[in-house]
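# Fold and geometry: a report
Each chain, written out:
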Amino acid sequence: MSIILNIDTAVETSSVCLAKNNNPIAVKTNPSQKHSAAWLHIAIKDLMKEHNLTLNELDAIAVSEGPGSYTGLRVGMSTAKGLCYVAQKPLIAINTLQMMAVAAQDESTDLICPMIDARRMEVFTAVFSHQLGYILPATNLILNENSFEDILKDQTILFFGNGSAKFQQLIKHHNAIFKTLEISALLMVSLSNEKFVKQNFANLAYLQPFYGKDFHSSPKLSL
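Reference entry: report on the structure contained in this document. (Residues numbered from 1 in each chain as written. Predicted model: local features only at pLDDT ≥ 70, side-chain atom pairs only at ≥ 80, totals over all residues. Heavy atoms only, no water.)

## Looking at the overall build of the protein chain
Operational definition: Helix numbers and strand numbers start at the N terminus; a helix is a DSSP run of H or I with at least 4 residues, a strand a run of E with at least 2. Here the globule rule is a power law, 2.2 Å times the number of residues to the power 0.38, and the radius of gyration is based on C-alpha atoms. Each residue is assigned to one of three classes by its accessible area relative to the maximum for its type, calculated with a 1.4 Å probe on protein chains only: buried under 20%, partly exposed between the two thresholds, exposed over 50%. Residue burial considers only the protein chains on display, and all accessible areas are found by Shrake-Rupley using a 1.4 Å probe.
Per the secondary structure count, the protein chain includes six helices and ten strands. Taking 17 Å as the expected radius of gyration for a compact globule of 223 residues, we find that the protein chain reaches 18 Å, a close match to that expectation. Burial statistics for the protein chain: of 223 residues in total, 49% are counted as buried. Summing over all exposed atoms, the protein chain offers an accessible surface of approximately 11600 Å²; the carbon and sulfur share of this is 51%.

See below:
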């Protein structure tokens, strides 16, 4: 038996999901990722209280490790690591693109391609089979009208996520399918449970967010 708290702050919303034995118990979602830091700790506290659980009763805490929002990833990762440290619980890291791909496992296309907006014409993306195996590994990609053309010749691909809209404007290939799918920590449940069963835990001291590309903060102006 496992009770796992799943935390996602990598995409356009922030969410937490409590799961038991690979089954979701409850989900809380904040539609505004900008307020993740203020919302997250309160949401976790309320979620635990509503289900009469303490941190000590959790078996593990899972967090979406990226790629995704720089600020969101730092908020989610620091929260998850802090809770694990205090409660002495193992940490599970889930790739955000693989988490998103779970949302499309039941779709009818041959392949699955989640996209996370990385500004301008760039996205964080990967291509998956319906068994969540990588066809194209996670990468940051500058989109153009020829992107994915080799795969699209023979197979249909479902593109989704907040980075897919700009690709839809570029390509009109009959094998390129676009759809809006809801993304939340609920999608982490099967992945985190699988890692828990295999005892595949992250190193609490050394795990860092996977930004997808180098992070450069804006320089501060001297006054």
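## Things to note about the nonpolar core
Rule in force here: As used here, the term nonpolar core means buried Ala, Val, Leu, Ile, Met, Phe, Trp, Tyr and Cys residues forming a set that is joined through side-chain atoms within 4.5 Å. It only takes one pair of heavy atoms within 4.5 Å for two residues to be counted as in contact.
Ile92, Met99, Met100, Phe160 and Ile183 are the most contacted members of the largest nonpolar core, which totals 31 residues. Leave out the neighbours within four places in its chain, and Ile183 touches Val11, Thr13, Met99, Met100, Ala103 and Phe160. Among the nonpolar cores identified, the runner-up in size contains 23 residues, and Ile44, Ala80, Leu83 and Leu91 belong to it.

## What about a nonpolar patch on the surface?
Applied cut-off: Every patch collects residues that have over 30% relative accessible area and no salt bridge, joining them within 9 Å if they carry like charges and within 5 Å if they are nonpolar side chains (Val, Leu, Ile, Met, Phe, Trp, Tyr). By convention in these notes, a salt bridge is any Lys or Arg side-chain nitrogen within 4 Å of a carboxyl oxygen on Asp or Glu.
Nonpolar side chains collect at one region of the surface, where Met121, Ile142 and Leu170 lie side by side and expose about 250 Å² of accessible area between them. For Leu170, the position within the fold is in the loop between helix H5 (164-168) and strand E10 (176-178). Relative accessible area serves as the criterion here: at 32%, Leu170 is assigned to the partly exposed category.

## Here we look at unusual backbone geometry
Cis geometry marks the peptide bond from Gly66 to Pro67; its omega dihedral reads 5 degrees. Following the sequence through the fold, Pro67 ends up in the loop between strand E4 (60-66) and helix H2 (70-87). Not every positive phi belongs to a glycine, and Asn22 is a case in point at roughly 70 degrees. Here Asn22 falls in the partly exposed class, since its relative accessible area comes to 36%. Positive phi is not limited to glycine here, since Asn52 has a value of about 50 degrees. Turning to its location among the elements, Asn52 is positioned in the loop between helix H1 (36-50) and E4.

## Considerations on the sheet that holds E10
Rule in force here: For two strands to pair, DSSP has to find at least two bridges joining them. Here the axes come from fitting lines to C-alpha atoms, over the contacting stretch only for helices, and the angles between their N-to-C directions go from 0 to 180 degrees.
On the basis of which strands lie adjacent, the open sheet formed by five strands has the order E8-E7-E6-E9-E10 and mixed pairing. In the strand order of this sheet, the two ends are held by strand E8 (134-142) and E10, each with one partner. Recorded for the sheet is a direction-independent mean angle of 20 degrees between the axes of neighbouring strands. Bridge count for strand E6 (residues 111-117) against strand E9 (residues 157-160) is four bridges, and the pairing is parallel. Of the residues in E9, the one forming a bridge with Pro114 is Phe160.

## Let's talk about helix H6 (residues 189-197)
Of all the positions in H6, only Val189, Leu191, Ser192, Asn193 and Phe196 are classed as buried. Lining the buried residues of H6 we find strand E1 (3-8), strand E2 (14-20), strand E3 (23-30), E4, strand E5 (91-95) and helix H3 (96-102). Phi for Gln199, located one or two positions after H6, is positive at around 55 degrees.

## Looking at the pattern of salt bridges
All chains considered together, the criterion is met by five salt bridges. Lys28 is the partner of Glu50 in a salt bridge, and the nearest nitrogen-oxygen pair spans 3.1 Å. Here the residue Glu50 occupies a position in helix H1, and Lys28 occupies one in strand E3, the gap between them amounting to 22 residues. Given a relative accessible area of 47%, Glu50 falls into the partly exposed group. Across the salt bridge formed by Asp150 and Lys153, the nearest N and O atoms sit 3.9 Å from each other. Residue Lys153 is classed as exposed on the basis of its relative accessible area of 59%.

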